[in-house]
Each structure stands twice: as C-alpha cells, then as structure tokens.
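Reading the structure
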Amino acid sequence: MILIQKSALQKMRANYQPQLPESLKGKVKVVEGEATESVEDQEAIKKLFPNTYGMPELRFEKADDACCCEKSCEPFNVGVILSGGQAPGGHNVISGLFDGLKAINKENRLYGFLMGPGGLVDHNYKELTADIVDEYRNTGGFDMIGSGRTKLETPEQFEKGLEIIKQLNLRAIVIIGGDDSNTNAAVLAEYYKAKNVPVQVLGCPKTIDGDLKNKWIEASFGFDTCTKIYSEVIGNIERDCNSAKKYWHFIKLMGRSASHIALECALETQPSYCIISEEVEAKNLTLRDVVNDIARVVADRSSRGMDFGTVLVPEGLIEFFPSIKALIEELNDLLAETPDFAKMHPDDQRAFVISHLSEKNATIFEMLPEGVARQLTLDRDPHGNVQVSLIETEKLLSEMVKKRLDEMKEEGKFNGKFRRMHHFFGYEGRCGIPSNFDANYCYSLGYNAAQLVNCGATGYMSSIRNLTKPASEWIAGGIPITMMMNMEQRKGKQKPVIKKALVDLNGNPFKAFAQMREIWAKETCFNYPGPIQYFGPSEMTDQTTLTLYYEHEE
Ligand code: FBP
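Residues numbered from 1 in each chain as written. Predicted model: local features only at pLDDT ≥ 70, side-chain atom pairs only at ≥ 80, totals over all residues. Heavy atoms only, no water.

**Re the site of the ligand**
Looking at the ligand, there are 13 residues lining it, with G85, R149, D209, E315 and Y427 nearest. E315 places a side-chain nitrogen or oxygen 2.8 Å from an oxygen atom of the ligand. Separating an oxygen atom of the ligand from a side-chain N or O atom of R430 is a distance of 2.9 Å. If the ligand stood free it would expose 490 Å²; the protein chains cover 83% of that surface. (Near = heavy atom within 4 Å. Polar contact = N/O pair within 3.5 Å; in protein donor to acceptor, adjacent residues only side chain to side chain. Areas by Shrake-Rupley, 256 points an atom, 1.4 Å probe, with all protein chains shown as cover.)

Here's what the structure looks like:
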C-alpha cells in the first residue's frame, strides 16, 4: 500500500468550499440576449457554422420556482475532457460541474475522458464518482483524468467520438481548454448539430497564458495562480539579487504567444527590465534593437554602482520579431507541404529549408544560432504551433547582451561586470494549488456549465464575469463560441479560430507598466509579493491579478 502523507494545508484545502455567484445558487432561469455576430470575418464564419452561428448570449438569473428546462427532471449523463497545458483549477471545474449536475438531478452522471481529447476518440474514460471528485477538490494539476493535445478536427474522430457518446448515452461533452481546444469544441458542436445528433458540446476557458479573453470572457483560469507563483519566485530572486548585488537574472516566463504573464509579473515585481513581445512587433524592433536596449540599461545601472538586475523575457518573444515571424510563417507553409521532413537527417533538413525559403528568410534562418533555427523547424504541437517553451530565449538574449557590452567596453561605454543567471518559470506554476480566486472561478465555471447543459445549449463557452467583484456578484451565462472567432492562416490554410487576445498596448495594464519602467530600470524598485495566501483576511487571500483590476478601471 502506498501511504501518502498529506500536509496540513492539503487537508485544509480539501475542505475549502468554493464560492458561487448568487445567481447560480438554487434554481436558475435563462435569459436570452440578442443574436450575435463573430468578431471578424462574419460571412466566412457564418458559412462554416450554419447551424451554430448567430446564437444569442445566455445569462442565468435566480428563478423563484421552476427550473429553466423541463428535461432536467430526467437524469442525464455528461462527459468532460481536459485539453492542452495544465492550469491551476482544472479539478475545480470538474468538481463544480459534478456538483452542478447533482444539484440538477442526483441521478446525473459524469464521465471523464482520459488524457485529453484523444480519450474521446479512443474510448478511454472513467466514471467520476463522488469519491474520486472529493479527492481532487481545490488541488492543482490535471491528474484526475489527465490531459493531452490531440486536435479534434476530422470527421473520423468525430464519428469515433459519437460511438462512445451513444454508448454512454451522453447528453453533453464539456471541453476544458484554451483557444484551440474551444475552437475544436465549436467545430464539434456544429458537426453534431448538422447531423441532428442530440449531443451538446460546451467549452470552458482554460490557459495560464491569459490570452483566451475578450469582452465576454474576462480571464482564462489558471492565470491568477500561475502569475502569483512566478511573482513570488521572481520577488525572491530580486531580494537575493539586491542582497548580493552581483548578478543579472534573465527570467523567461511561460506564455506561448501573448506576454500577459510577463506583464502581470512585471507589475507585481517591478523588475529592471521586461520585454513585451507585442510592443516589439508594433515598433518593428529587431533582436539587435532589444539587445542594445538591455545593454543600455545594464551599462547605465553599472555606471551608478549597480551591476545587478532582473530581465523578464516572455516565452513567445522570438515569434514577434517581424522578420522572424515572416520566417516562421513561410516555414509553417513549407513544412505543411513536406510531410517527409521529419524523416530527413538534421543536416539535410537545414539544407532543405535554406534552399526552399525565399532569399530574405533563408538569410535570417542562417543568421540564427543553429539550435534556435533548428527548433523553428521541429516539433510543432498538434495545433501547428512552434514549441517556444523549448527555445532558450533567455540565454540567447543574455549572450547577445554580453557581446554588446564587450563592444561597449572597447568603446569605453561600459566598465562594469556582467555576471548572468538564467531561469525559466512555466512548469513550476502550472499545477500549483489554485488560489482562492481560481478555486472559486473554476468551480463557478464548471457549475455554470452544468446549467448550460441543462438548458440545452451547444457551441457555447461557460462565462463568468464581473470578476473583480466578490464571487457572489459574479455574472454567469454562456457565450456562443462562434462569436469569438475570426479566420487565420494555419498550416498553410485559412481556418476559423478563436481570436487570441494579445497584450493591448493601449490598455491600462500596459500603460501602467510603460509609465514606470524607466524608473524601475534606473533605480532598484524590486517588489517582493510573497507566497499565495489561502487563509486569512480577504484583502490577502481573494485579490485577483493587477491585470484584471487595471482592465476594469475606467
Ligand atoms: P495551453 O495553451 O494549452 O493552455 O498551454 C499553454 C502552455 O502552458 C504555454 O504557456 C506553453 O508554451 C505550452 O503550454 C507548453 O506546452 P507543453 O505542456 O506541451 O510543454
């Protein structure tokens, strides 16, 4: 027998009762809004989603007597899938869904598909009973049922899924995932609706990257906990840095594409330098420009006796240099047209790429350090994305800054020391114990999804809004996924996808950062936020991210 000794915190967290919006407590009624349109490319999206396009927004309100749907009197079964990268709070979405289903009818059943969307296709599942769900309440990780990145996109996969849906008599599937997985949920919903199959498909907004958000989805879950964990360790590094005053720390932070994580951590910890990829792109900066600017800050601090500091580097940076972005786009098309590429010898791959790219992109490809160039040609994830978590941008940058400082030394512009340390924070936070905010938000998203099933919705994302207010004031409902879509180039083809939310350079969070960064570069203004607090006064335990507070400011 394996004995697991739980800590006092784990035991206390197991008993934490997540908070729900008032509107979801007891019987609810559904209020329909106006018909909706997609954010862009309306005609194209409408054509691809003829059965699920234009549906109204849904909002749940407290009902005095009858429940919103007569069908709820009959018990029903639901399947749930965790999709993509782990994010703190996934287990609470499932426990909220479980409790929501049981509140509708005690006989309702929940099945978990194992290891991501592949579990649906391969018929790999288990029933989630109270014993199982209770074991995982308020815990981090996705290990209750596992996760995976299989992309659900072919009719064969949808048909295989249908076999198990029929066998388990599922009324709905809830896919907990990021923008790509929720796009897949919309495609699946459309497919089943077009075939008149009575199964609903719903999504829940998950990703630590924070880039699945818009007017209707204020935040993706996991962002709050992760940024708090990273900010704690960045703060600890800063305090170490300020104590010994001898190192420059280059810290890469997860976030496959958008720089929300880096920005939030910068607002929390006030580093000497933070790169925002979206700004790099908007200003058409080159790698050399960024390196020169960091070297400027290093030299300036050094001239005032500070041979130390911190640099935050967003994981997705490399793709935001306009020249490298153009290279990646051409590479994506080239690799999509070359199915045998993976079988080639690495030396042949390099030669093949150089000989097939346009002259401009081939030159850039050849100029990149070989490891980085190679990474750009390999290991796309199933959604066609470059796996930026494997590219050591923090080392690439610090190496280039060192070279620049060596030049500056010769020019008499730098006379200090430049000793470097490197860190990458990503996996350290993705399975952290969810903060109170994420515990409550996730539980509410899941509970809300049960209501969406109950009222017959399909092709909707579970939406909980008003998130800077106490949980009791949160607004619950459903948003048609097609409403968040536009057309983008993927694997050489135009595809309907949920529009990714990058850092808005006109938004309050970026403006707050931009106002302060020169001061943080000149002086040492490090801030040490400390660890997540789970128990204690509400101002310590229930506050969400600065990003969300700034976004809600007028
Ligand atoms: P999701 O978009 O699926 O939520 O995953 C985000 C992420 O955590 C990124 O920040 C990171 O680049 C990527 O996953 C890493 O992927 P993997 O877990 O496959 O290494």
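From this point, the narrative continues.
**Some remarks on the packing of aromatic side chains**
The full count for this structure, using the stated rule, is 13 aromatic pairs. Judged by centre distance (6.0 Å) and plane angle (55°), the ring pair of F341 and F352 falls under tilted. With F341 in the loop between α12 (322-336) and α13 (346-356) and F352 in helix α13, the pair connects residues that are 11 residues apart, well separated along the chain. Owing to a relative accessible area of 4%, F341 belongs among the buried residues under this scheme. For F352, a relative accessible area of 16% gives the class buried. In this structure an aromatic cluster arises from ring pairing among Y111, F113 and Y125. In this structure, R13 packs its charged tip against the face of F535, placed 5.6 Å from the ring centre. (Phe/Tyr/Trp six-rings, centres within 6.5 Å; stacked < 30°, edge-to-face > 60°. Helix = DSSP H or I, 4+ residues; strand = E, 2+ residues; numbered from the N terminus. Buried < 20%, exposed > 50% of the residue type's maximum accessible area, 1.4 Å probe, protein only. Lys NZ or Arg CZ within 6 Å of the ring centre and 35° of its normal.)

**Focus on the state of the cysteines**
Using the criterion set out here, one finds 0 disulfides in the structure. Unpaired in terms of disulfides, C431 finds its nearest cysteine sulfur in C226, a separation of 8.4 Å. (Disulfide = S-S within 2.5 Å.)

**Quick word on the sheet that holds strand β10 (residues 309-314)**
Spatial ordering of the open sheet is given by β9-β10-β8-β11, a layout of 4 strands whose pairing is parallel. Here the strands that pair on one side only, and so sit at the sheet edges, are β9 (273-274) and β11 (420-425). With 6 bridges connecting them, strand β8 (residues 248-253) and β11 associate as parallel partners. When the bridges of β11 are listed, H249 appears paired with M421. Contacts from helix α16 (residues 393-410) reach β8, β10 and β11 within the one sheet, and its direction differs from that of β11 by about 160°. (Pairing = 2+ DSSP bridges. Contact = heavy atoms within 4.5 Å. Axes fitted to C-alpha atoms, helices over the stretch in contact; angles between N-to-C directions.)

**Some words on a nonpolar patch on the surface**
On the surface, a cluster of nonpolar side chains totalling about 260 Å² of accessible area is made up of L9, M12 and F535. Here F535 is to be found in the loop between α19 (508-522) and α20 (538-541). (Patch = residues over 30% accessible without salt bridge, like charges linked within 9 Å, V, L, I, M, F, W, Y side chains within 5 Å. Salt bridge = Lys/Arg side-chain N within 4 Å of Asp/Glu carboxyl O.)

**Concerning the environment of K403**
Within the element layout of this structure, K403 appears in helix α16. We classify K403 as exposed; its relative accessible area is 54%. Note: C-alpha distance between K403 and V291 (112 residues apart in sequence) is 9.5 Å.

**What about the sheet that holds strand β4 (residues 109-113)?**
Ordered in space as β1-β2-β13-β12-β7-β6-β3-β4-β5, the 9 strands form an open sheet in which the pairing is mixed. Strand pairing shows two members of the sheet lacking a second neighbour, β1 (28-32) and β5 (125-127), which therefore form its edges. Put simply, the sheet's adjacent strands are angled 30° from each other on average, direction ignored. With 2 bridges connecting them, strand β2 (residues 58-62) and strand β13 (residues 475-480) associate as antiparallel partners. Directly across from R59, in β13, lies its bridge partner G477.

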